[in-house]
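Coordinate inspection notes
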Amino acid sequence: MKTEQISKSVYYIGVNDRTTHKFEAMWPLPFGVSYNSYLVRGSEKSAVIDGVELSHALEQVDEIKAILGDCVPDYLVINHMEPDHSGAVRILRQAFPDIKIVGNALTIGMVKGFYGIEDDTMTVADGDTLSLGDATLRFVLTPMVHWPETMMTVLEEERVLFAGDAFGCFGALNGAVVDADMETARYFPEMVRYYSNIVGKYGAFVQRAFARLKGTEVETICSTHGPVWREQAAKVMELYNSLSSYEPLDNGVTVVYGSMYGNTEAMAEAVAEGLAQAGVRDIAMHNVACSDLSFILADLFRHRGLVIAAPTYSDSIFPPVGQFMDAMALRGVKNRLIAVTGSHTWAPKATRMLADFAAMPGNELVAEALALKQAPTNELLEAARGMGRVLGERLTNC
Ligand SMILES: Cc1cc2nc3c(=O)[nH]c(=O)nc-3n(C[C@H](O)[C@H](O)[C@H](O)COP(=O)(O)O)c2cc1C
Ligand SMILES: [Fe+2]
Ligand SMILES: [Fe+2]
């Protein structure tokens with residue numbers, strides 16, 4: 001439980017989760033995650049902005065009571081209905097029976113669908129405002145970041161943006177809440193991982209959200225996950241802007257390979273040697289059977305270069321590599337320079353599939369796909385190094 005006043009009228013009332021192993025039952029949480037919630041206390045009324053995950057709901061009720069004393073919150077504004085934030089809704093309603101639930105039309109429908117709550121709700125539209133006395137909330141509808149009902153709430157007088165999952169990251173809050181009070185370096189890799197894993201498919205909608213925020217002055221970003229951003233708000237927005245436009249963050253390379261018996265792996269190693277020979281310094285190698293997809297996707301979104309290597313498997317591609325390719329295609333990742341190599345014993349299916357995949361519009365296959373039949377010869381390994389050098393030279397000249 002964590003309470004901190006972060007501006008004249010805003011209190012942080014979120015919680016840390018250091019016990020859930022996998023967020024959304026998929027994405028590892030080595031540093032935990034925070035479910036951020038905020039209380040805006042105006043001169044006349046108060047509003048809770050987003051809730052927390054169900055198992056922490058009672059903690060949140062205690063935090064609200066500790067701040068408001070004999071008063072009760074008037075509104076619960078729901079920016080995002082995913083249960084990591086809305087799980088507490090029923091308990092908040094039980095603890096504060098008069099709390100009015102505020103959301104857009106899609107949100108209010110989901111409140112009924114998920115929690116059976118229909119009474120005492122308030123439907124808001126884009127641009128609507130809600131006065132708390134000396135604090136005014138304005139609602140900005142930003143659909144599909146990463147659910148259809150997502151919206152953001154602006155506290156006009158203090159230029160605070162309650163952004164929902166946007167600008168969020170994995171990593172629990174270790175003592176401090178606001179960026180100025182902590183070393184933030186650990187959160188940036190976790191921001192790339194959070195974005196690439198969870199929001200990655202919806203870059204166009206994140207860009208639309210940026211467009212809708214044009215003209216809104218933002219001094220503080222209050223996301224639903226991770227630190228409150230003030231000193232580094234501009235850096236965080238810039239990072240989300242790059243990620244959502246599928247612009248690589250650097251000219252490094254992600255090497256993703258699968259291998260049952262080591263032959264494809266030898267090719268992947270040779271490509272990496274070629275990359276290093278060409279001067280590429282940042283090379284992330286992932287054996288798909290050992291690396292978690294979560295971290296592979298983060299490197300994919302970070303680096304401009306990509307190498308994929310896979311054996312043929314039952315006249316298709318080695319399934320874990322296929323899973324990576326599906327995850328990349330689902331997210332529509334583009335602007336990557338790609339090299340591929342596939343292996344087989346009797347029919348080069350993987351090589352063909354990889355070449356077709358890399359040649360899809362938006363990305364560029366920088367060299368002809370290399371096919372390995374059975375074990376690699378020295379000549380083929382040298383060709384793989386050559387392919388790495390070709391990709392590396394393209395990257396170092398970017
Ligand atoms: C279960 C299984 C299915 C396979 N299916 C095919 C196939 O359909 N076509 C083919 O040419 N090779 C197939 N192979 C052979 C491998 O693709 C080939 O031996 C490859 O070089 C293995 O690479 P690795 O040493 O990196 O694991 C299969 C191998 C296994 C174990
Ligand atoms: Fe979410
Ligand atoms: Fe979330």
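Values in this document were obtained by computation on a predicted structure and should not be read as measured data.

In terms of domain boundaries, the chain breaks down into domain 1 (4-244) and domain 2 (250-393). Of the residues lining the interface, 14 residues belong to domain 1; the matching set on domain 2 comes to 10 residues. Regarding the contact of domain 1 and domain 2, the summed buried area is about 1,000 Å², with carbon and sulfur atoms giving 61% of it. It is Arg193, Ser196 and Lys201 in domain 1 that bury the most area against domain 2; as a group they hold 37% of the surface buried on that side. Between lysine 22 and aspartate 292 there is a salt bridge whose closest N-O contact spans 3.9 Å. Connecting domain 1 to domain 2 are 5 residue pairs in polar contact (both at pLDDT 80 or more).

Strand order in the open sheet formed by 5 strands is S12-S13-S14-S15-S16, and the pairing between neighbours is mixed. Where the open sheet ends on each side, the last strands, each with one partner, are strand S12 (129-131) and strand S16 (220-223). Adjacent strand axes in the sheet meet at a mean angle of 20°, parallel and antiparallel pairs treated alike. Pairing analysis gives 3 bridges linking S12 to strand S13 (residues 136-141), with the strands arranged antiparallel. Paired with serine 131 across the two strands is threonine 136, which belongs to S13. The strands touched by helix H6 (residues 203-213) within the sheet are S13, strand S14 (151-155) and strand S15 (160-164), with S13 carrying the most contacts at an inclination of about 140°.

Another point: the environment of serine 294. Note that serine 294 resides in helix H9 (residues 293-302). When its relative accessible area of 0% is taken as the criterion, serine 294 is described as buried. Separated by 266 residues in the primary sequence, serine 294 and proline 28 place their C-alpha atoms 7.2 Å from one another.

Every protein donor of the iron ion (ligand 2) is accounted for by His80 (NE2), Glu82 (OE), His146 (NE2) and Asp165 (OD), and the metal-donor separations fall at 1.9 to 2.2 Å. Around the iron ion (ligand 2) sit 4 donor atoms; with metal-centred angles ranging over 87 to 163°, the donor geometry is irregular. Binding-site remark: the iron ion (ligand 2) is held by donors from one chain whose sequence spacing is H-x1-E-x63-H-x18-D. Between the iron ion (ligand 2) and the iron ion (ligand 3), both coordinated by aspartate 165, there is a metal-metal distance of 3.3 Å. Within this pair, whereas glutamate 82 is found in the loop between strand S9 (75-77) and helix H2 (83-86), its partner histidine 146 is found in the loop between S13 and S14, the two being separated by 64 residues in sequence. Each member of the pair, glutamate 82 as well as histidine 146, is classed as buried.

When its volume is computed, the largest pocket comes out at roughly 320 Å³. Forming the boundary of the largest pocket are 17 residues, of which Met260, Pro311, Thr312, His344 and Thr345 lie nearest the centre. Looking at the lining of the largest pocket, its residues break down into 6 nonpolar, 10 polar and 1 charged.

Residues in close proximity to ligand 1 total 16 residues, the closest being Ser259, Met260, Thr264, Thr312 and Asp315. One of the backbone N or O atoms of methionine 260 is found 2.5 Å from an oxygen atom in ligand 1. At a separation of 2.8 Å, an oxygen atom of ligand 1 approaches a polar backbone atom of alanine 347. For ligand 1, the cavity whose grid points lie within 2 Å of the majority of its atoms is the largest pocket. Of all the elements in the fold, those that place two or more residues in the shell around ligand 1 are helix H8 (263-277), strand S19 (303-313) and strand S21 (337-344). Residues of the shell around ligand 1, tallied by class, amount to 6 nonpolar, 9 polar and 1 charged.

This brings us to helix H4 (residues 105-115). All of the buried residues in H4 are Thr107, Ile108, Met110, Val111 and Tyr115. In a view along the axis of H4, the buried residues occupy a sector of 160°, so they form one face of it. In H4, the exposed residues that point more than 90 degrees away from the buried face are Ala105 and Gly113. Each element contacted by the buried residues of H4 is listed here: H2, helix H3 (89-95), strand S10 (100-103) and strand S11 (121-123). N-cap assignment for H4: the residue whose side-chain oxygen lies 3.0 Å from the backbone N of leucine 106 is asparagine 104. Of the residues one or two after H4, glycine 116 is the one with positive phi, at around 65°.

Let's shift gears to empty space enclosed by the protein. Any empty space left between atoms is shown by rolling a water-sized probe over those atoms. A full pass over the atoms with the stated rule returns 2 cavities of 30 Å³ or more. What the largest cavity holds in volume is close to 40 Å³. As for the largest cavity, its lining consists of Asn79, His80, Thr142, Val145, Thr150, Met151, Met152, Ala163, Gly164, Asp165 and Ala166. The set of elements that each furnish at least two residues to the lining of the largest cavity consists of S14 and S15. Considering only enclosed or pocket space, the second largest cavity measures out at about 30 Å³ in volume. Lining the second largest cavity are Val145, Met152, Ala166, Phe167, Val206, Ala209, Phe210 and Leu213. Ranked by residues supplied to the lining of the second largest cavity, first place goes to H6 with 4 residues.

It is worth spelling out the packing of H8 against helix H12 (residues 378-396) at this point. The contact between H8 and H12 brings their axes to 6 Å, and the two run at 45°. Relative to H12, the element H8 lies oblique. For the pair H8 and H12, the sense of crossing is right-handed. Seen from H8, the contacting residues are Ala266, Met267, Ala270, Val271, Glu273, Gly274, Leu275 and Gln277; seen from H12, they are Leu380, Leu381, Ala384, Arg385, Met387, Gly388, Arg389, Leu391 and Gly392. For the contact of H8 with H12, a count of residues per class yields 10 nonpolar, 4 polar and 3 charged.

Calculation criteria
- Residues numbered from 1 in each chain as written.
- Chains lettered and ligands numbered in written order.
- Predicted model: local features only at pLDDT ≥ 70, side-chain atom pairs only at ≥ 80, totals over all residues.
- Heavy atoms only, no water.
- Domains from an automatic or database assignment.
- Contact = heavy atoms within 4.5 Å.
- Buried area = accessible area lost by both parts, 1.4 Å probe.
- Salt bridge = Lys/Arg side-chain N within 4 Å of Asp/Glu carboxyl O.
- Polar contact = N/O pair within 3.5 Å; in protein donor to acceptor, adjacent residues only side chain to side chain.
- Pairing = 2+ DSSP bridges.
- Helix = DSSP H or I, 4+ residues; strand = E, 2+ residues; numbered from the N terminus.
- Axes fitted to C-alpha atoms, helices over the stretch in contact; angles between N-to-C directions.
- Buried < 20%, exposed > 50% of the residue type's maximum accessible area, 1.4 Å probe, protein only.
- Donors = N, O, S within 2.8 Å, 3.2 Å for Na, K, Ca; no water.
- Tetrahedral: all angles 85-135°; square planar, octahedral: opposite > 155°, others 65-115°.
- 1 Å grid on protein atoms, 1.4 Å probe; cavity = no way out; pocket = protein on both sides within 12 Å on 5 of 7 lines; lining within 4 Å.
- Points joined across faces, edges and corners; volume = space filled by probe spheres on them.
- Nonpolar A, V, L, I, M, F, W, Y, C, P; charged D, E, K, R; others polar.
- Near = heavy atom within 4 Å.
- Sits in = over half its atoms within 2 Å of the grid points.
- Arc of directions from axis to C-beta.
- Parallel < 35°, antiparallel > 145°, perpendicular 65-115°, else oblique.
- Left-handed = near helix turned anticlockwise from the far one by under 90°.

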